[in-house]
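Architecture and fold: a report
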Amino acid sequence: MKPINRQLKPLVLDALKYFPAVYINGPRQSGKTTLVCDLLADDFRAKVITFDNLLERSAAQRNPLSYIRESGKPLIIDEVQFAQEIFRPLKILIDEQRQEALHNDTNPNGLYLLTGSANLAVIPELANAMVGRMATLTLLPLSAAEVMNQTPSFIERCFSKDFSDITIRNIQLTEIIRKATYPELARHSQAMIGHWFNSYIQKITLNDSRSIYNLEKIELMPILLQSLATRAGSLVNDASIGREIGLNAVTTRNYRTLLSGLFITNALRPWYRKITKRLVKAKKLYFHDTMLLCHLLESTPADLSRNNPMRFGHVLENFVFSELCKQNNATGERATISFYRTSDGREVDFILERQNKLVALEVKNTENITDQDFAGIKELQANTGGDFHCGIILCNSPRVIAYEKDIYLIPFSALWQ
């Protein structure tokens, strides 16, 4: 099978030129180790150790400063979150190298490449120790553009309002969703994918959660994950979720936050500004990987599309958000992503914001678009004046259609072009 070129790779190489340490975080099995191997093949010569190896982890925890010093540099450390004792020693060694570089005119950057399946909210000690010393990049599972061998520019197109060369590809949307997932699944038959996900869920919710936090009711983590799957695309209500699985609201929020920190779920914040309308302040819940969401719903994208269109609409919205996040992570100039919802129910699925320009994005699994489908977009436009840049409905349109000034119907294939 031909290797897939990951779009984050140029950013990693660039960051190694300017920072002593680079931290690549992202979910387990998202391809971090494969990306590191690609970097090694590109003359980034470094020793590789992993803290999935219990012997290495134990040695690092017993005498972290000596362990890191004697491991040499440049050094690649995989699953760094499992030996948090090394964070301060890393800072010490980086500062020593910086002092040496001042006297010897050497390069103090590109010394340490760290990977981990937990974000800095879960391991704040790493962020605190490495302030000004480390760049943080996020590698999510495969994007639609990566599996289609394309260079995506959808977010850039939104801000330039240039959709002139978008083409329709002869491939089912459900097939794209199926392929835009963990790289490992490309090697598995359909019959084995369910077994893979079951093993993955156990590893994340039970083993990794226990290694990072001493949770009192860790056996409820898989049940919580199942409950969250039925709420994908909905506003978060920890009290309601907790009642369903037998936890109080505070514990539910803490456990849900941990799942987010392990890159399983993703909370989308509401767009907020002082306007005449009252806006909701609760976040919306999504999953980083849409195929994991489908597994938890005990279905596939194709089956949901045929048999449960309403549920598939939520899955499709999840897929679009995931693709937006993947593109955002792979670009140097990021857009802020949020959603718009008023207290009386008017909403826009996603708001892209950059330099005070607002792009309103709706997801509709249909080809028949009516004026009612633009209600949320037009309300946002009326409430934000000159900051409103354009409105887009991603749908099953056969081509790009300029519906009216600054409002477009765009086919889903634009996401990976």
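Structure first, text after, so check above.
Predicted model only: the values in this text are computed from it and were never measured.

Bringing helix α12 (residues 238-245) into the picture now. Along α12, the residues classified as buried are D238, I241, G242 and I245. Summarising the axial view, the buried residues of α12 lie within an arc of 100°, below the 170-degree limit, and thus occupy one face. Exposed and facing more than 90 degrees away from the buried side of α12 are R243 and E244. Buried residues in α12 make contact with α11 (221-229) and α13 (249-261). N-cap assignment for α12: the residue whose side-chain oxygen lies 3.2 Å from the backbone N of A239 is N237.

Taken in spatial order, the five strands of this open sheet run β2-β3-β4-β1-β5, and their pairing is parallel. Two strands close off the open sheet at either side, each with one partner strand: β2 (47-50) and β5 (134-138). Neighbour-to-neighbour, the strand axes of this sheet turn through a mean angle of 15°, independent of strand direction. Judged from the five bridges that link them, strand β1 (residues 21-25) and β5 form a sheet pairing that is parallel. Paired with N25 across the bridge in β5 is T138.

For the rest of this paragraph, the subject is α13. With 13 residues, α13 should cover 18 Å at 1.5 Å per step; its first-to-last C-alpha distance of 18 Å lies within 8% of that length. Close packing links the buried residues of α13 with α10 (190-212), α11, α12, β6 (265-268) and β7 (284-287). The opening residue of α13, the one whose side-chain oxygen lies 3.1 Å from the backbone nitrogen of V250, is N248. Phi turns positive one or two residues past the end of α13, at F263, with a value near 65°.

Turning next to the nonpolar core. By size, the foremost hydrophobic cluster in this structure holds 105 residues, and its most contacted members are I86, Y112, F287, F319, V320 and F350. Of all the elements, helix α16 (residues 309-329) adds the most residues to this core, at eight residues. Not counting residues within four places of it along the chain, the set of residues in contact with I86 comprises F51, A60, P64, I68, I77 and V80.

Right, let's talk about the sheet that holds strand β13 (residues 407-411) for a bit. Strand order across the open sheet formed by six strands is β8-β9-β10-β11-β13-β12, with mixed pairing between neighbours. What marks the edges here is a single partner per strand, and that holds for β8 (336-341) and β12 (401-404). Between one strand and the next, the sheet's axes are offset by a mean angle of 30°, whatever the strand orientation. The pairing of β8 with strand β9 (residues 347-354) spans five bridges and is classified as antiparallel.

Counted under the stated rule, the structure contains twelve aromatic pairs. Both rings, one in W196 and one in F197, keep their centres 5.3 Å apart while their planes meet at 80°; by these two values the pair is edge-to-face. Pair check on accessibility: W196 and F197 agree, each one buried. We note K284 situated over the ring of F339; from NZ or CZ to the ring centre the distance is 5.0 Å.

This next bit is on the pattern of salt bridges. Taken as a whole and assessed by the stated rule, the structure comprises 25 salt bridges. Its salt-bridge partner being K364, residue E362 comes within 3.4 Å of it at the nearest N-O pair. Relative accessible area serves as the criterion here: at 22%, K364 is assigned to the partly exposed category. Via salt bridges that share partners, R28, D52, E79 and D208 belong to a single interconnected network.

Let us now look at the environment of L352. With respect to the helices and strands, L352 occurs in strand β9. Judged by its relative accessible area of 0%, L352 is buried. Residues L352 and K203 lie 149 residues apart in sequence; the distance between their C-alpha atoms is 34 Å.

So, about the environment of P309. Structurally, the position occupied by P309 is in helix α16. Assessed through its relative accessible area of 51%, P309 is described here as exposed. Along the primary structure P309 and N365 are separated by 56 residues, whereas in three dimensions their C-alpha atoms are 8.4 Å apart.

It is worth spelling out unusual backbone geometry at this point. Going from K73 to P74, the amide bond is cis rather than trans, its omega being 0°. With respect to the helices, strands and loops of the structure, P74 is situated in the loop between α4 (64-71) and β3 (75-78). Positive phi, close to 60°, is recorded for E298, a residue that is not glycine. With a relative accessible area of 71%, E298 lands in the exposed category. At Q355, a position not held by glycine, the phi torsion is positive, near 50°. Relative to the elements of secondary structure, Q355 occurs in the loop between β9 and β10 (357-363). Overall, Q355 belongs to the exposed group, its relative accessible area being 67%.

Where α12 contacts α13, the two axes come as close as 8 Å, and the packing angle between them is 95°. As judged from the angle between their axes, α12 and α13 are roughly perpendicular. Contacts from D238, A239, I241 and G242 in α12 reach A249, T252, R253 and R256 in α13. Class assignment for the residues of the contact of α12 with α13 results in three nonpolar, two polar and three charged.

About the cut-offs
- Residues numbered from 1 in each chain as written.
- Predicted model: local features only at pLDDT ≥ 70, side-chain atom pairs only at ≥ 80, totals over all residues.
- Heavy atoms only, no water.
- Buried < 20%, exposed > 50% of the residue type's maximum accessible area, 1.4 Å probe, protein only.
- Helix = DSSP H or I, 4+ residues; strand = E, 2+ residues; numbered from the N terminus.
- Arc of directions from axis to C-beta.
- Contact = heavy atoms within 4.5 Å.
- Polar contact = N/O pair within 3.5 Å; in protein donor to acceptor, adjacent residues only side chain to side chain.
- Pairing = 2+ DSSP bridges.
- Axes fitted to C-alpha atoms, helices over the stretch in contact; angles between N-to-C directions.
- Expected span 1.5 Å × (residues − 1).
- Core = buried A, V, L, I, M, F, W, Y, C linked by side-chain atoms within 4.5 Å.
- Phe/Tyr/Trp six-rings, centres within 6.5 Å; stacked < 30°, edge-to-face > 60°.
- Lys NZ or Arg CZ within 6 Å of the ring centre and 35° of its normal.
- Salt bridge = Lys/Arg side-chain N within 4 Å of Asp/Glu carboxyl O.
- Parallel < 35°, antiparallel > 145°, perpendicular 65-115°, else oblique.
- Nonpolar A, V, L, I, M, F, W, Y, C, P; charged D, E, K, R; others polar.

In short, shape yes, function no, at least from these values alone.
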